[in-house]
Amino acid sequence: MRKMISKFIMLLVCVTFIKCTEAKDNEIIDPTDKVVDTTDPDALTHKEKAKAVYDLIQQQYKAGNLYRENSPSAVGDNKYCYLWPYVGMLTAGNILYDLGYEKSILTKEFDGVEAFYDNRPVLPSYQAYPIAETTSDHYYDDAAIVAMEFIDAYRLTNNQAYLDRAIKLGDFIMSGEDNRLGGGLYWLEAVSKDCTNEANCIKAANTTAYGSFVASELYKETNMNGYLDFAKRTYQWNYENLRDTDNLYWNDKSISTGQINPVKWTYNAAMMIMSGVNLYEITNDSAYLNQAIATARSAYSKFTRVVNDRVFYQGHDSWFNVELMTSFIKLSQHDAKSKDYVQTFIDNADYAWENARTSDGRFYEDWSGQNEGRSKWLLHQACMIEAFGRAAKFKE
């Protein structure tokens with residue numbers, strides 16, 4: 001299989017990095033890229049790997065100005081992907097531009113996400129599926145991950161329109177909080193406020209942590225105290241209501257029964273780390289940093305395993321895992337040990353490049369190569385752009 005993958009990589013990188021024919025209008029050439037030996041997987045830099053995965057997605061997933069959910073498409077798939085995996089391509093646009101690639105990549109991806117934008121009179125936000133196709137739900141966590149990318153795009157481009165959109169999304173996100181269970185955010189708008197015993201009538205760790213982080217980011221940009229108050233309040237709600245004794249976070253709490261869903265995800269730990277670091281940087285209160293470090297230590301212990309004498313992060317939900325990588329990078333500015341946690345992620349991604357690919361180049365969900373998992377899903381390919389891109393920036 002390695003020979004097949006090497007041939008695929010050789011062809012892909014040749015098209016991407018070598019001007020084999022005259023460039024067409026839609027080809028994006030980075031003049032800083034060097035010609036490399038494409039038969040040697042180690043010859044590609046992390047920057048080049050990120051771009052190669054982006055090009056693979058353009059070839060295998062593109063559907064008009066959007067993307068397909070899976071490649072090859074599965075029975076019953078919709079015409080386009082949902083918002084969640086599309087956000088992976090927003091992240092890709094930001095990261096590739098930050099790495100020195102053409103701004104047109106960023107612009108294209110942010111133009112595309114407008115297909116999901118519901119410009120309703122009250123609390124406009126993004127719905128889960130393109131507006132032109134159907135009416136669908138508005139999720140608070142979806143809004144938060146989109147807002148995070150708009151804030152990053154603003155910082156990269158200084159385009160005020162990106163920050164303005166993030167502020168609008170902040171209004172929607174903050175509307176997901178009320179006093180039931182003493183605070184916290186609902187998961188989606190459709191079952192918020194007056195829900196009773198529906199399955200999704202919950203206060204969720206992910207939306208609450210995402211909300212805290214987005215609000216702290218908006219505070220950094222606007223200096224408006226309302227954002228900081230919200231960020232502190234929602235962080236504290238998660239810390240007091242959904243934190244286990246190991247300093248990791250349960251998934252949610254039921255509104256009707258108060259029952260805890262004890263599942264622990266990497267991204268819930270990640271977002272509490274990122275929120276804690278932001279609040280420490282804003283307030284200089286070392287308690288936030290100490291809590292973030294405690295969660296990081298426990299996350300590394302719980303979410304890693306040994307496969308063939310190598311340490312790997314868990315073998316499922318790779319996008320969630322890359323969120324944890326991002327949080328470790330952020331924490332590493334204040335905690336040297338977190339750099340080791342980041343290096344494990346980089347080693348895992350490099351191992352996956354060589355050993356956890358399908359014959360047509362897609363990455364396994366399990367980077368150790370033991371289980372292909374949901375390799376067809378766009379989200380699990382897009383997160384590899386983020387992983388290699390963040391590795392490149394971390395190594396600078």
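Here is what the cut-offs are and how they apply
- Residues numbered from 1 in each chain as written.
- Predicted model: local features only at pLDDT ≥ 70, side-chain atom pairs only at ≥ 80, totals over all residues.
- Heavy atoms only, no water.
- Helix = DSSP H or I, 4+ residues; strand = E, 2+ residues; numbered from the N terminus.
- Buried < 20%, exposed > 50% of the residue type's maximum accessible area, 1.4 Å probe, protein only.
- Areas by Shrake-Rupley, 256 points an atom, 1.4 Å probe, with all protein chains shown as cover.
- Core = buried A, V, L, I, M, F, W, Y, C linked by side-chain atoms within 4.5 Å.
- Contact = heavy atoms within 4.5 Å.
- Phe/Tyr/Trp six-rings, centres within 6.5 Å; stacked < 30°, edge-to-face > 60°.
- Lys NZ or Arg CZ within 6 Å of the ring centre and 35° of its normal.
- Salt bridge = Lys/Arg side-chain N within 4 Å of Asp/Glu carboxyl O.
- Pairing = 2+ DSSP bridges.
- Axes fitted to C-alpha atoms, helices over the stretch in contact; angles between N-to-C directions.

## A few points about the overall build of the protein chain
Looking only at helices and strands, one finds 13 helices and nine strands in the protein chain. The 396 residues of the protein chain split such that 58% are buried. As displayed, the protein chain has an accessible area near 16,300 Å², and 48% of this comes from carbon and sulfur atoms.

## What about the nonpolar core?
Membership of the largest hydrophobic core comes to 125 residues, with the highest contact counts inside it found for Ile57, Leu324 and Phe328. Residue contributions to this core peak at 11 residues, all from helix H5 (residues 140-157). Every residue in contact with Ile57, bar those within four places of it in the chain, is listed here: Lys62, Tyr67, Met89, Leu378, Gln381, Ala382 and Ile385.

## A few points about the packing of aromatic side chains
Counted according to the given criterion, the structure contains 28 aromatic pairs. Members of the aromatic cluster, each reached through a chain of ring pairs, are Trp84, Tyr210, Trp265, Tyr267, Trp319, Phe320 and Trp377. Here the basic side chain of Arg243 rests over the ring of Tyr239, its NZ or CZ set 3.9 Å away from the ring centre. Its end group placed over the ring of Phe363, Arg357 keeps NZ or CZ at 4.0 Å from the ring centre.

## Let's talk about the side chain of Arg362
Mapped onto the elements of the fold, Arg362 is located in the loop between helix H12 (337-355) and helix H13 (378-395). Given the relative accessible area of 6%, Arg362 is considered buried.

## With respect to unusual backbone geometry
Along the chain, Ser71 connects to Pro72 via a cis peptide bond; the corresponding omega equals -5°. Looking at where Pro72 falls in the secondary structure, it is placed in the loop between strand E2 (66-67) and helix H3 (83-98). Phi angles above zero are rare outside glycine, and Leu123 is one such case at about 50°. Structurally, Leu123 can be placed in the loop between strand E3 (117-118) and strand E4 (125-126). Given a relative accessible area of 26%, Leu123 falls into the partly exposed group. Not every positive phi belongs to a glycine, and Asn284 is a case in point at roughly 65°. Relative to the helices and strands, Asn284 is located in the loop between helix H9 (266-283) and helix H10 (286-302). Under the relative-accessibility criterion, Asn284 is labelled exposed at 59%.

## Focus on the pattern of salt bridges
Using the criterion set out here, one finds 21 salt bridges in the structure. Salt-bridge contacts for Arg165 lead to Glu114; the nearest nitrogen and oxygen are separated by 2.8 Å. Of this pair, Arg165 sits in helix H6 (residues 160-174) while Glu114 sits in the loop between helix H4 (103-113) and E3, and the two are 51 residues apart along the sequence. Judged by its relative accessible area of 31%, Glu114 falls in the partly exposed class. For Asp366, the salt bridge is made with Arg305, and the minimal N-O distance between the two is 2.7 Å. Pair noted here: Asp366 is in the loop between H12 and H13 and Arg305 is in strand E8 (residues 304-307), with a separation of 61 residues, a long-range link. Since its relative accessible area comes to 3%, Asp366 is described here as buried. Judged by relative accessible area, which is 24%, Arg305 ranks as partly exposed. Taken together, the shared-partner salt bridges in this structure form one network comprising Asp98, Lys393 and Glu396.

## Quick look at the sheet that holds strand E5 (residues 202-204)
Strand order in the open sheet formed by three strands is E5-E6-E7, with antiparallel pairing between adjacent strands. Where the open sheet ends on each side, the last strands, each with one partner, are E5 and strand E7 (260-264). Between one strand axis and the next, the sheet turns through 20° on average, direction left out of account. As paired elements, E5 and strand E6 (residues 250-254) share three bridges and run antiparallel to each other.

## Some details on the pairing of E8
Note: E8 against strand E9 (residues 310-313), four bridges, orientation antiparallel. When the bridges of E9 are listed, Thr304 appears paired with Tyr313.

## Some thoughts on the environment of Lys376
With respect to the element layout, Lys376 can be found in the loop between H12 and H13. The class for Lys376 is partly exposed, based on a relative accessible area of 40%. Counting along the chain gives 315 residues from Lys376 to Tyr61, while the straight-line C-alpha distance between them is 9.5 Å. Those residues in contact with Lys376 that lie beyond four places of it in its chain are Tyr61, Glu69, Asn70, Ser71, Pro72 and Arg362.

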